[in-house]
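The chain contents come next:
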Amino acid sequence: MSLGRYGVYYAPPRWSDFERFGTAWLGRDAETGEPVTQPDLPGLGRDVLRELTVEPRRYGFHGTLMAPFEPAEGVGEAAVRERLDRLAATLAPLHMEPLAVRAIGSFLALVPAYQDGPAELAEAVLRAMHPLRAPVTEADRARRRANGLTPAQDRLLERWGYPYVLGEFRFHITLTGRVADPGLRERIAGLARCHAATVTGRPHPVRELCLFHQPDRETPFRLIHRARLGNTSETS
């Protein structure tokens, strides 16, 4: 019986201003699974924002460190949590550089000024957790290749089960699904920049590795575990 998929993500500290911003923007609290009232953006309306955030709402407000994976045969949730806790205990907290609203292709995201800290953290997570993942399936391989991969990304897909790791990794926190119209995308970006002004332009602490779980492909992800990073003296 499948355990579903697990992802290792950055998520804001519980009850922080940044978490409140993210859960409201997406309209869902990933820790409880409960809906949250979305903001009423000038000239846009909640119904439009709700449609724009359908896909990221399924995943919860997060930045990917290790993309969702199915555990290998014989690997249970307890083993995934234990490996993540052991890893987190060896890693120092960090401060993520200030975020800005940017377009990545046709969607909008919060992107840090520098990638170094999140990229190093993501590599540590990938190397520690990869032995627990099941081999990539033919269906997932075909789905990834259908989006168009470079030769380097295809090699990463074969080696690590995901094409956007290591040299191809770019940390971001997704705000919208695909917005095909460039004019609409830029208008939403302007509204998002204004609404996010209280949480952008300043660094954010990264003190935990967050484990998200999706029991099946139709069910939204839930944040089920926070693994505290070890050297807490650096967070003060």
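Residues numbered from 1 in each chain as written. Predicted model: local features only at pLDDT ≥ 70, side-chain atom pairs only at ≥ 80, totals over all residues. Heavy atoms only, no water.

Digging into the layout of surface pockets
Considering only enclosed or pocket space, the largest pocket measures out at about 1300 Å³ in volume. In terms of lining, the largest pocket is formed by 41 residues, of which the most central are Phe107, Arg144, Tyr162, His172 and Thr174. Contributing elements (two or more residues each) for the lining of the largest pocket: β1 (5–10), α3 (54–59), β2 (63–69), β5 (107–112), α6 (138–146) and β6 (173–174). If one sorts the elements of the lining of the largest pocket by residue count, β2 sits on top with six residues. What lines the second largest pocket is a set of 16 residues, among which Pro68, Phe69, Arg133, Asp140 and Arg217 lie closest to the centre. Counting only elements with at least two residues in the lining of the second largest pocket, the list comes to β2 and α6. (1 Å grid on protein atoms, 1.4 Å probe; cavity = no way out; pocket = protein on both sides within 12 Å on 5 of 7 lines; lining within 4 Å. Points joined across faces, edges and corners; volume = space filled by probe spheres on them. Helix = DSSP H or I, 4+ residues; strand = E, 2+ residues; numbered from the N terminus.)

Quick look at the packing of α6 against helix α7 (residues 151–160)
In the contact formed by α6 and α7, the axes pass within 11 Å of each other and the chain directions differ by 165°. One element, α6, and the other, α7, form an angle in the roughly antiparallel class. Between α6 and α7 lies a crossing whose hand is right-handed. Seen from α6, the contacting residues are Arg141, Arg144 and Arg145; seen from α7, they are Asp154, Leu157 and Glu158. Here the contact of α6 with α7 is built from residues that sort into one nonpolar, no polar and five charged. (Axes fitted to C-alpha atoms, helices over the stretch in contact; angles between N-to-C directions. Parallel < 35°, antiparallel > 145°, perpendicular 65-115°, else oblique. Left-handed = near helix turned anticlockwise from the far one by under 90°. Contact = heavy atoms within 4.5 Å. Nonpolar A, V, L, I, M, F, W, Y, C, P; charged D, E, K, R; others polar.)

A few points about the environment of Gly201
Relative to the helices and strands, Gly201 is located in the loop between α8 (182–195) and β7 (204–206). Once the C-alpha coordinates of Gly201 and Pro98 are considered, the two residues, 103 residues apart in sequence, prove to be 4.8 Å apart. Once residues within four sequence positions are removed from consideration, Gly201 is found in contact with Pro98 and Leu99.

Some details on the confidence of the model for the chain
Per-residue pLDDT for the chain has a mean of 93; in total, 97% of the residues score no lower than 70. Contacts from residues 232–236, a stretch scored under 50 in pLDDT, to residues over four places away or in other chains number six contacts. (pLDDT = per-residue confidence, 0-100.)

Notes on the nonpolar core
Phe18, Phe21, Leu110 and Leu209 are the most contacted members of the largest nonpolar core, which totals 50 residues. Per element, the largest residue contribution to this core is five residues, and it comes from helix α5 (residues 116–129). By size, the runner-up hydrophobic cluster in this structure holds seven residues, among which are Ala11, Ala30, Phe212 and Leu223. (Core = buried A, V, L, I, M, F, W, Y, C linked by side-chain atoms within 4.5 Å. Buried < 20%, exposed > 50% of the residue type's maximum accessible area, 1.4 Å probe, protein only.)

Description of the packing of helix α4 (residues 77–89) against α5
Between α4 and α5, whose axes approach to 10 Å, the crossing angle comes to 135°. With respect to α5, the element α4 is oriented oblique. Crossing handedness for the pair α4 and α5: right-handed. Residues Val80, Arg83, Leu84 and Leu87 of α4 lie in contact with α5, whose contacting residues are Ala124, Val125, Ala128 and Met129.

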